[in-house]
Amino acid sequence: AASRCASSSGPTERQELDGASAESREPQAFPGRKRGAVCATLTCARLPQRLPPAESAAECPWSRAEMAQWAATVLPVPRMRPRQFEYHPTEEHLLLFGTRDSKVAVTDLSTTENVGLAEVGARRHSDAVLGLGWFRHNPPYFVAGTSGGVIKMFRLEDHDRGLTDLRVRFPPFENLTSVSINATDSLLLVSGYSSHAVLFDTETGREARRFADIHQGHINISRFANTSPFLFATSSFDCTVKTWDIRAPMTRPLYTCSTEEGLVMCSFCPNDNYLLASAVDNEVRQFLAVDGRLHLKLDADRTGLKNNFTRSYYMNSGSTIVTGSSEQRVVRLFCAHTGSCLDTVDIFPGAKHESVHVQSLRGCPLGKNRFAVLAHYRNDMYNSELVH
């Protein structure tokens, strides 16, 4: 593990968000390298199993927590080329992947095998699956969206574990970067490289409502709240995150929160008490979801790199924040109650090349003290591998 909360930067990367700008939707040739297969690893980490609960905001009881010894298993997945992933909401060992060549795959980590594979959009390198969303009350169902605008709904079958295309056809949404299902599974929120967000009916696929020109810049990520089917948030490179209520007129948001840098993403904590906003170069702020007041600003060193896109998620039922950036190979964990840095670790100490860095990450919604990191190699001499 790296020294606690120390910064670590890597080679400059082109703009590649977790479903963000148009420049980032598919990899461009890096200086001094040829185009080729994008290499990736998935690393799952586990914290010590016995951590005291966060009972007071005055002093974080996890301030001395340290990462447990990392255990890794390498999986040969040279053909999958993952770009995005999501944990299954009820089965911890299942991960849903979106690939750079427009496929979705469900992988069983206990057997290291794909239990379902399907095409989403056109079979081309430029139509990566950037949006993934499991249904909340019907977890065999999920939605996938590609950067080219294709949106499809699938079902993971119980017995043969294959994927079935449910043939619910949604209108194309060009330059898609984000999808999100609401708390009642009735609405799908879609946004992309534009200043508007659209709600679709999940049963018919028809457009239910359009929120047009709601940001000055393009919307990187939009997310529904976890407990209310009516609330959602949008984050943009215009340095604002806005919260909306679909029952109210769409002329203005409920409130607007601001950051210094352009926003990469936002997410609600599991009980919707907080709204987490992640901006470029390790700027992470937590706001009160009820009115948008600033609650915490996480203390992580800046690198000065404009392409250091930071992503942050909740884990441990919202008590911990895990964060990583695209120009660094470390992951930081913070107490969501106090903002104290719990630890900073190298995402993959056994990496084959020093160009490894954070592509995406998620906190496990079920397993305690677990999270996963999708790490990316800039050097295409190395085959893809899945490490968990």
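Sequence order as written defines the numbering, with residues in each chain counted from 1. Local features are withheld for residues below a pLDDT of 70 in this predicted model, meaning they are given only at 70 or higher, and side-chain atom pairs are given and counted only at 80 or more; totals for whole chains, interfaces and linings count all residues. Derived side-chain values reflect all non-hydrogen atoms in the structure, with water molecules and hydrogen atoms excluded from consideration.

1. What about empty space enclosed by the protein?
A pocket, in this scheme, is an open set of points on a 1 Å grid over the protein atoms alone with protein on both sides within 12 Å along at least 5 of 7 lines, while a cavity is a set where a 1.4 Å probe fits but cannot get out; residues line either one if an atom lies within 4 Å of a point. Grid points are joined across faces, edges and corners, and a volume is the space filled by probe spheres set on the points. Summed over the entire model, instances satisfying the criterion amount to two cavities of 30 Å³ or more. Lining the largest cavity are 13 residues; nearest its centre among them are Gln84, Leu130, Leu132, Arg223 and Arg362. Residue type decides the class: Asp, Glu, Lys and Arg count as charged, Ala, Val, Leu, Ile, Met, Phe, Trp, Tyr, Cys and Pro as nonpolar, and the leftover types, Gly among them, as polar. Per-class residue counts for the lining of the largest cavity are five nonpolar, four polar and four charged. In this structure, the second largest cavity encloses a volume near 40 Å³. Around the second largest cavity sit Asn282, Val284, Leu298, Ala300, Thr310, Thr323, Arg332 and Phe334, which together line it. Residue composition of the lining of the second largest cavity, by class: four nonpolar, three polar and one charged.

2. Remarks on the pairing of strand E21 (residues 283–288)
Relative accessible area decides the class of each residue, using a 1.4 Å probe on protein chains only: under 20% of the type maximum gives buried, over 50% gives exposed, and in between gives partly exposed. Helix numbers and strand numbers start at the N terminus; a helix is a DSSP run of H or I with at least 4 residues, a strand a run of E with at least 2. E21 sits mainly inside the fold: six of its six residues count as buried. In E21, alternate side chains face the same way, and those of Glu283, Arg285 and Phe287 on one face and Val284, Gln286 and Leu288 on the other are all buried. Sheet topology note: the strand E20 (residues 274–279)/E21 ladder contains six bridges and is antiparallel. Bridge pairing in E21 places Ala279 opposite Glu283. Between any two strands, at least two bridges found by DSSP are needed for them to pair. Two successive antiparallel strands, E20 and E21, enclose a turn made up of three residues, where Asp281 displays a positive phi of approximately 60 degrees.

3. Remarks on the side chain of Arg223
Within the element layout of this structure, Arg223 appears in strand E15 (residues 219–224). None of His or the chain ends enter the tally, which takes Lys and Arg as positive and Asp and Glu as negative. By convention in these notes, a salt bridge is any Lys or Arg side-chain nitrogen within 4 Å of a carboxyl oxygen on Asp or Glu. Among buried charged residues, Arg223 stands out as having no salt bridge; its nearest opposite-charge side chain is Glu86, 4.6 Å away. At a separation of 3.0 Å, a polar atom in the side chain of Arg223 contacts the side chain of Ser178. Two residues form a contact once any of their heavy atoms are found within 4.5 Å. If near-sequence neighbours (up to four positions away) are discounted, Arg223 is found in contact with Ser178, Val179, Ser180, Leu189, Phe232, Ala233, Cys266 and Phe268. Counting of polar contacts relies on pairs of N or O atoms within 3.5 Å, with two restrictions inside protein: one atom must be capable of donating a hydrogen and the other of accepting it, and residues adjacent in sequence are counted only when both atoms are side-chain atoms.

4. Quick word on the layout of surface pockets
Approximately 1,000 Å³ is the volume attributed to the largest pocket. Forming the walls of the largest pocket are 33 residues, and the residues nearest its centre are Glu86, Arg136, Asn226, Gly363 and Pro365. Residue composition of the lining of the largest pocket, by class: 18 nonpolar, ten polar and five charged.

5. What about the pattern of salt bridges?
Tallying each qualifying case throughout the model produces 18 salt bridges. Across the pair Glu260 and Arg302 runs a salt bridge, and its minimum N-O distance is 3.6 Å. Placement of the pair is Glu260 in the loop between strand E18 (255–258) and strand E19 (263–268) and Arg302 in the loop between strand E22 (294–297) and strand E23 (310–315), with a sequence separation of 42 residues. Here Arg302 falls in the partly exposed class, since its relative accessible area comes to 35%. Linking Arg329 and Asp346 is a salt bridge whose minimum nitrogen-to-oxygen distance equals 3.2 Å. Of this pair, Arg329 sits in the loop between strand E24 (320–325) and strand E25 (330–335) while Asp346 sits in strand E26 (residues 341–346), placing them 17 residues apart in sequence. Residue classification places Asp346 among the buried residues on the basis of a relative accessible area of 19%.

6. Re the sheet that holds strand E12 (residues 187–192)
Strand order in the open sheet formed by four strands is E11-E12-E13-E14, and the pairing between neighbours is antiparallel. Two strands in the sheet have a free side with no partner beyond their single neighbour: strand E11 (176–181) and strand E14 (207–211). With direction set aside, neighbouring strand axes in the sheet form an average angle of 20 degrees. Sheet topology note: the strand E13 (residues 197–201)/E14 ladder contains four bridges and is antiparallel. Along E14, the bridge assignment pairs Leu199 with Arg209. Axes here mean lines fitted to C-alpha atoms, for a helix over just the part in contact, with angles spanning 0 to 180 degrees between N-to-C directions.

7. Some points on the packing of aromatic side chains
Here a Phe, Tyr or Trp ring, Trp counted by its six-membered ring, pairs with any other such ring whose centre lies within 6.5 Å, and the pair is stacked when the planes are under 30 degrees apart, edge-to-face when over 60, and tilted otherwise. Counted according to the given criterion, the structure contains ten aromatic pairs. When the centroid spacing of 5.8 Å and the interplanar angle of 65 degrees are considered together, the rings of Phe211 and Trp244 count as edge-to-face. Here Phe211, found in strand E14, pairs with Trp244, found in strand E17 (residues 240–245); they are 33 residues apart in sequence, far enough to count as distant. Phe211 sits in the buried class, given a relative accessible area of 1%. Here a set of aromatic residues connected by ring pairs shows up, and it is made of Phe211, Phe224, Phe232 and Trp244. Charge-over-ring contacts are defined here by two conditions on Lys NZ or Arg CZ: a distance within 6 Å of the ring centre and an angle within 35 degrees of the ring normal. Above the ring of Phe85, the side-chain terminus of Arg362 is found at 5.5 Å from the ring centroid.

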